[in-house]
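These are the residues of each chain, in order.
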Amino acid sequence: MTEQSTGLEFPNGVVEPEYDLWAEDVNIDPTGIFADIDAADLAWRTKARKFVVEEVKKDIHEYWDKADYPLHLIKKLGDADLLRDGMNLDSYEKMTPLAAGLVNMEMARGDGSVATIVGVQGGLALRSVLFCGNEEQIQKYAMPMLAGELPGAFALTEPTHGSDSVSLETRATKVEGGYRISGEKKWIGNGSIGGVSIVWARDDEGKVRGFVVHQDAEGYSATTIQNKLSLRAIWQAHIRMENVFVPDEDVLPQATSFKDTSRVLFATRLGVAWSAVGHATACYESAVNYAKQRVQFGRPLAASQIVQERLARMQSELATIQVLVMQATKRETTGELTGPQASLAKYTATRTARAIASNARDLLGGNGILTSNRVARHFADVEAIHTYEGTETVQALIMGRDITGFSAFA
């Protein structure tokens, strides 16, 4: 029977409204830390935000739900010149460390998987070639990576060597005309999508070297890792290499020790801290929007004292990490940023983002577990950035060594 045939009105109060958790009228800069940034840096932030709103927002939760990779975004990111991660090249618009941080922040504010695409493609793979490659390799590999035309992976982590990546055991044996590489790598973003992998392996002398390995090379096999809780819209691979031949021309000449690997990693650590700020921002603004729009007990949640206290706590935490990463970025700009300072930024930002995400998820109640409601994806994705580029424990040990003068590493 229909409402018309019974003569009874349907109770409108049971129909849940649509919540706009992306509404941008929330003050996400409570201390004004971003108010005076340079116009050129602001333009980079605006470009990244525009990309997120126009290319990411509409369907990223569907890709995330299905664990599908929006591969088309790699080329679009290249077209928008958003894959550079602060590296400057002739004939390209200048990109300062602050501009790179703001791009990372806005990408993560939009979605963690998309931010990781930028981090893997630009921050790690592209940077490895630019730092360690010769001019021919830069033109052959780095420039297509920059344009988003060649997917790039950074293959360092091994199944048995995560935090102690310096102990990597993948071998590169010298043969006529090149090297034969054998070993396994795990958690390698872009490692199974048909591009190239920058593989780090030990040569016959035990030195860590860098190699450009084509993913269609004989002996290279990559399985996309399934059942991930985080970063579901980018594929990470478990790679096995059995006597993969790499010609001498694809050996990175400036990658001759783990110090060269560390140089690449150090340059990206602050980017992870900025990404954490982006995740925290998304969760905070979603929580504020929801609290204003959600009505319970005859009034908006935002009118409740306890909800206001929770939002105030989130705002305080967000402001804290914003100020921290801005200060660290100032030191990076002047070349004064130390390893322990970068670790402090990463440690504090990811830990704090985790707390904000948890608080926001809870404030949304049952709606907080729906990936279409934004917070749930960030809540899950923060778990990944809390771990990668060095776990919280490893960052703490770097900081602890600096504090005490004693190394607690094995």
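Predicted model only: the values in this text are computed from it and were never measured.

Student: Is there a simple way to explain the overall build of the protein chain in this structure?
Tutor: For the protein chain, the helix and strand inventory stands at 12 helices and nine strands. Computed over the C-alpha atoms, the radius of gyration of the protein chain is 23 Å, within 12% of the 22 Å expected from 2.2 N^0.38 for a compact globule of 410 residues. For the protein chain, the C-alpha atoms occupy an extent of roughly 85 × 55 × 45 Å along the three principal directions. In the protein chain, the share of contacts with a sequence separation of at least 24, taken over all contacts with a separation of at least 6, comes to 76%. Here the protein chain has roughly 18300 Å² of accessible surface; of this, 52% comes from carbon and sulfur atoms. The centroid of the 42 positive side-chain charges in the protein chain is displaced by 4 Å from the centroid of its 53 negative side-chain charges.

Student: Help me out: how do you make sense of the nonpolar core in this one?
Tutor: Inside soluble globular proteins, nonpolar side chains tend to come together where they are buried. Ranked by size, the top nonpolar core spans 44 residues in total, and within it Trp274, Tyr284, Leu311, Met314 and Leu363 carry the most contacts. For this core, the secondary-structure elements that each account for two or more residues are α5 (97-110), α8 (258-293), α9 (305-333), α10 (339-363) and α11 (375-387). A total of 13 residues in this core trace back to one element, the largest contributor, which is α8. When residues no more than four places from it in sequence are discounted, the contact partners of Trp274 are Phe34, Leu98, Gly101, Leu102, Asn104, Met105, Val325, Met326 and Thr329. In this structure, Val56, Ala108, Ile193 and Ala384 belong to the second largest nonpolar core, which totals 30 residues.

Student: I would appreciate a short explanation of the packing of aromatic side chains in the present structure.
Tutor: We describe a pair of aromatic rings using the distance from one ring centre to the other and the angle between the two ring planes. The final tally for this structure, using the stated rule, is five aromatic pairs. Measuring from ring centre to ring centre gives 6.4 Å for Phe34 and Trp274, while their planes differ by 35 degrees; the resulting arrangement is tilted. A residue pair is termed long-range when its members are at least 10 positions apart, and Phe34 in the loop between α1 (3-6) and α2 (39-56) and Trp274 in helix α8 qualify at 240 residues. Considered together, Phe34 and Trp274 belong to a single accessibility category, that of buried residues. Of note, Arg45 hangs over the ring of Phe34, and the distance from its end group to the ring centre comes to 5.0 Å. For the cation-ring pair, Lys174 lies above Tyr179, with the distance from its terminal atom to the ring centre recorded as 5.2 Å.

Student: Hey, could you run me through α11 in this one?
Tutor: Three- or four-residue spacings in an α-helix give side chains the same orientation, since the helix completes a turn every 3.6 residues. Between the first and last C-alpha of α11 there are 19 Å, a value that for 13 residues agrees with the 18 Å anticipated at 1.5 Å per step. Contacts made by the buried residues of α11 are with α3 (60-66), α5, α6 (112-132), α8, α10 and α12 (392-404). Positive phi shows up at Glu389, right after α11, with a value of about 60 degrees.

Student: Got a minute to help me understand the pairing of strand β7 (residues 236-247) in this structure?
Tutor: Note on strand geometry: in a regular strand, side chains alternate between the two faces of the sheet. Both strand β3 (residues 178-189) and β7 contribute to a ladder of nine bridges, which runs antiparallel. In the strand pairing of β7, Lys185 is matched with Ile239. Relative to β7, strand β6 (residues 220-224) is paired through five bridges, and the arrangement is antiparallel. The residue of β7 that forms the bridge with Ala222 is Ile239.

Student: What is the right way to look at the pattern of salt bridges in this model?
Tutor: Pairs can form between side chains of opposite charge once their charged atoms are near each other. Tallied over the full model, the rule gives 25 salt bridges. A salt bridge links Glu24 to Arg49, with the shortest nitrogen-to-oxygen separation between them at 2.9 Å. In this pair, Glu24 sits in the loop between α1 and α2 while Arg49 sits in helix α2, placing the two residues 25 residues apart along the sequence. Classification of Arg49 as buried rests on a relative accessible area of 9%.

Student: Explain the packing of α10 against α12 to me, please; I cannot follow it from the model alone.
Tutor: Remark: α10 packs on α12, axes separated minimally by 9 Å, with the N-to-C direction vectors making an angle of 140 degrees. With respect to α12, the element α10 is oriented oblique. For the pair α10 and α12, the crossing hand works out as left-handed. Between α10, through Gly339, Pro340, Ser343, Leu344, Lys346, Tyr347 and Arg351, and α12, the contact on the second element is made entirely by Glu392, Gln395, Ala396, Ile398, Met399 and Asp402. Class assignment of the residues belonging to the contact of α10 with α12 gives a composition of six nonpolar, three polar and four charged.

Student: For this particular structure, what's the right way to read a nonpolar patch on the surface?
Tutor: On the surface, Phe10, Val14 and Val15 cluster together into a nonpolar patch covering about 300 Å² of accessible area. Here Val14 lies in the loop between α1 and α2. Overall, Val14 belongs to the exposed group, its relative accessible area being 60%.

Rules used in this analysis
Residues numbered from 1 in each chain as written. Predicted model: local features only at pLDDT ≥ 70, side-chain atom pairs only at ≥ 80, totals over all residues. Heavy atoms only, no water. Helix = DSSP H or I, 4+ residues; strand = E, 2+ residues; numbered from the N terminus. Rg over C-alpha atoms; globule rule 2.2 N^0.38 Å. Contact = heavy atoms within 4.5 Å. Areas by Shrake-Rupley, 256 points an atom, 1.4 Å probe, with all protein chains shown as cover. Lys, Arg positive; Asp, Glu negative; His and termini not counted. Charge placed at Lys NZ, Arg CZ, Asp CG, Glu CD. Core = buried A, V, L, I, M, F, W, Y, C linked by side-chain atoms within 4.5 Å. Buried < 20%, exposed > 50% of the residue type's maximum accessible area, 1.4 Å probe, protein only. Phe/Tyr/Trp six-rings, centres within 6.5 Å; stacked < 30°, edge-to-face > 60°. Lys NZ or Arg CZ within 6 Å of the ring centre and 35° of its normal. Expected span 1.5 Å × (residues − 1). Pairing = 2+ DSSP bridges. Salt bridge = Lys/Arg side-chain N within 4 Å of Asp/Glu carboxyl O. Axes fitted to C-alpha atoms, helices over the stretch in contact; angles between N-to-C directions. Parallel < 35°, antiparallel > 145°, perpendicular 65-115°, else oblique. Left-handed = near helix turned anticlockwise from the far one by under 90°. Nonpolar A, V, L, I, M, F, W, Y, C, P; charged D, E, K, R; others polar. Patch = residues over 30% accessible without salt bridge, like charges linked within 9 Å, V, L, I, M, F, W, Y side chains within 5 Å.

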